[in-house]
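Residue-level listing of the chains:
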Amino acid sequence: MRIGIPRGLLFYKYYPFITTFFKELGCEIVLSPETDKEILNLGSKYSVDEACLPIKVFHGHVAYLRNKCDIIFLPRVMQLRKREYICPKFCGLPEMVINNIPNMPKTINFPIYAFSQKSLKKWAVKTGFLFTKNYLKIQQCFIDALSVQKNFLPGINDTDYELKVALVGHPYNIYDNFVNMELVSKLHKIGVGVITEEYIEEDFIDKEVKTLFKRPFWTFTRNSYGFSSYVGINKKVEGIIYLSSFACGTDSVTIEFIKDRLPKFPILVLKIDEHTGEAGFDTRIEAFVDMLQRRAL
Ligand code: SF4
């Protein structure tokens, strides 16, 4: 069976698990290409205007795949950590996509609770039974997929740059080079190194999150706040670039938390949507880096 896997949202962080699991179940993987103009146009065409850019881009990937496979994987990611959630748009993602895009094939959209191996296994067993009745085989596919995922370290941690910034934001903004207009390469070209949240130990992030008056409800807020706060307070970088999408509910709160924690620390917030002009985007980055360089003198 050909299974379509959209290259969007948390694919960037969890593709080793997903592709290994389905491949070992015997599926032929049909992956959508890297985001480009065609994918973005499809996404804008089929999703509601109010949706954030990553959700539109995800629609584009699904629309691209719908005639090329027998079934499409629509990840309804509910939880990655206990007592925290992702974003309401992830919970309702399959409904949005199925109702917005015509002529959809069948989909896999069981809720994914990935806060423990046991909870994730429930998803794997349910999903695996769509392809085989052999429980032991499903179990082995799950174990193999987990092991591939464990050996995968996403993220960036540049070491050979005098000036370094923390790049904060959702993985689908940071690692999709079309939507972020090659931000990391642009920074490298002007002599700026980057570190992302994956390179900060979980304990340090947890410690910083405790400085909030209330534990965050959203995992993205926990990660972005904890990471920014740690690198800012401990002066691990010269500045922070927060890459956000217009209409992102969690970011609107998270950015304020970070500014409140680091009132004097240089922070640049870059908001992106499908209309963001590259020239203005570049000018803001260059002006920010120029300011960082002057401060360093
Ligand atoms: S967290 Fe923000 S950017 Fe991500 S899907 Fe939700 S609203 Fe969109």
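Along each chain, residue indices are assigned from 1 in the same order as the chain's sequence is written. Local features in this predicted model are restricted to residues of pLDDT 70 or higher, and side-chain atom pairs are both shown and tallied only at a pLDDT of 80 or more, whereas totals for entire chains, interfaces and linings draw on every residue. Each side-chain value is derived from all of the structure's non-hydrogen atoms; neither hydrogens nor water enter the calculation.

### Overview of the sheet that holds strand β1 (residues 2-5)
Thought 1: Sheet architecture is open: four strands sit in the order β2-β1-β3-β5, paired in parallel fashion. Each having just a single partner strand, β2 (28-31) and β5 (106-108) make up the two edges of the open sheet. Strand after strand, the sheet turns through a mean of 30° between neighbouring axes, direction not considered.
Thought 2: Summarising the sheet, β1 and strand β3 (residues 71-73) pair through two bridges and their orientation is parallel. What sits directly across from G4, in β3, is I72. Strands qualify as paired when DSSP identifies two bridges or more between them. A helix here means a DSSP run of H or I that spans at least four residues, while a strand means a run of E at least two residues long, and both kinds are numbered starting from the N terminus. Throughout, an axis means a line fitted to C-alpha atoms (over the contacting stretch in the case of helices), and angles, computed between N-to-C directions, take values from 0 to 180 degrees.

### Observations concerning the state of the cysteines
Thought 1: Two cysteine sulfur atoms form a disulfide, by the criterion used here, when they sit within 2.5 Å. Taken as a whole and assessed by the stated rule, the structure comprises zero disulfides.
Thought 2: Left without a disulfide partner, C69 is nearest to the cysteine sulfur of C27, which lies 11 Å away.
Thought 3: Throughout this description, buried means an accessible area under 20% of the type-specific maximum (1.4 Å probe, protein chains only), exposed means over 50%, and partly exposed covers the range between. According to the relative accessible area criterion, C69 is buried, its value standing at 7%.
Thought 4: C141 takes part in no disulfide bond, and the closest cysteine sulfur, belonging to C27, lies 9.0 Å away.
Thought 5: You can call C141 buried: its relative accessible area is 3%.

### Remarks on the site of the ligand
Thought 1: Around the ligand there are 13 residues in total, and C52, C87, K89, Y172 and C248 lie nearest to it.
Thought 2: Counting residues per element, the ones that place at least two in the shell around the ligand are α3 (53-65), α4 (88-91) and α12 (249-261).
Thought 3: Taken together, the residues of the shell around the ligand break down into eight nonpolar, four polar and one charged. Each residue is tested against the molecule or strand, and it is near if at least one of its non-hydrogen atoms lies within 4 Å. Three residue categories are used. Nonpolar comprises Ala, Val, Leu, Ile, Met, Phe, Trp, Tyr, Cys and Pro, charged comprises Asp, Glu, Lys and Arg, and polar comprises the others, including Gly.

### Quick notes on the sheet that holds strand β10 (residues 267-272)
Thought 1: Sheet architecture is open: four strands sit in the order β8-β7-β9-β10, paired in parallel fashion. Where the open sheet ends on each side, the last strands, each with one partner, are β8 (192-195) and β10. Pairwise comparison of adjacent strand axes, ignoring direction, gives a mean angle of 30° for this sheet.
Thought 2: Looking at chain direction, strand β7 (residues 163-169) and strand β9 (residues 239-245) are connected through five bridges and run parallel. In the strand pairing of β9, A166 is matched with I240.
Thought 3: Contacts between helix α13 (residues 278-296) and the sheet are confined to β7, β8, β9 and β10, with β10 contributing the most and set at about 170° to the helix. Note on definitions: a residue-residue contact is assigned when non-hydrogen atoms from the two residues lie within 4.5 Å.

### Considerations on the packing of aromatic side chains
Thought 1: Aromatic pairing here means that ring centres of Phe, Tyr or Trp (its six-membered ring) are within 6.5 Å. Orientation follows from the plane angle: under 30 degrees is stacked, over 60 is edge-to-face, and everything else is tilted. Scanning the entire structure with this criterion turns up 19 aromatic pairs.
Thought 2: Taken together, the ring pairs in this structure connect F17, F21, F22, F73, W123, F131 and F142 into an aromatic cluster.
Thought 3: Whether a charge lies above a ring is judged from NZ of Lys or CZ of Arg, which has to be within 6 Å of the ring centre and within 35 degrees of the ring normal. The residue whose ring lies beneath K68 is Y64, and the NZ or CZ to ring-centre distance is 4.1 Å.

### Some words on the side chain of T221
Thought 1: Mapped onto the elements of the fold, T221 is located in helix α11 (residues 219-233).
Thought 2: In contact with T221, other than residues within four places in its own chain, are P216, G226, T250, T254 and F257.

### Some words on the environment of N180
Thought 1: Relative to the elements of secondary structure, N180 occurs in the loop between α8 (171-174) and α9 (183-189).
Thought 2: For N180, a relative accessible area of 1% gives the class buried.
Thought 3: When the C-alpha positions of N180 and I233 are compared, they lie 27 Å apart, and in sequence the two are 53 residues distant.
Thought 4: For N180, the contacting residues outside a window of four places in its chain are N173, I174, Y175, L243 and F281.
Thought 5: Whenever two N or O atoms come within 3.5 Å, that pair is a polar contact, provided that in protein one can donate a hydrogen and the other can accept it, and provided that, for residues adjacent in sequence, both atoms are side-chain atoms. Separated by 2.9 Å, the side chain of N180 and the backbone oxygen of N173 make a polar contact.
Thought 6: Within the structure, the side chain of N180 is placed 2.9 Å from the backbone nitrogen of E182, a separation counted as a polar contact.

### Details of the pattern of salt bridges
Thought 1: For this analysis, a salt bridge means a side-chain nitrogen from Lys or Arg found within 4 Å of a carboxyl oxygen belonging to Asp or Glu. This model, assessed by the stated rule, comprises 15 salt bridges.
Thought 2: A salt bridge links K186 to E278, with the shortest nitrogen-to-oxygen separation between them at 2.6 Å. Taken as a pair, K186 in helix α9 and E278 in helix α13 lie far apart in primary sequence, 92 residues in all.
Thought 3: Note on K186: relative accessible area 18%, which makes it buried.
Thought 4: The class of E278 is partly exposed, set by a relative accessible area of 41%.
Thought 5: Of the charged contacts in the structure, one is a salt bridge between R261 and E208, with a shortest N-O distance of 2.9 Å. Of this pair, R261 sits in helix α12 while E208 sits in helix α10 (residues 202-209), and the two are 53 residues apart along the sequence.
Thought 6: Residue classification places E208 among the buried residues on the basis of a relative accessible area of 9%.

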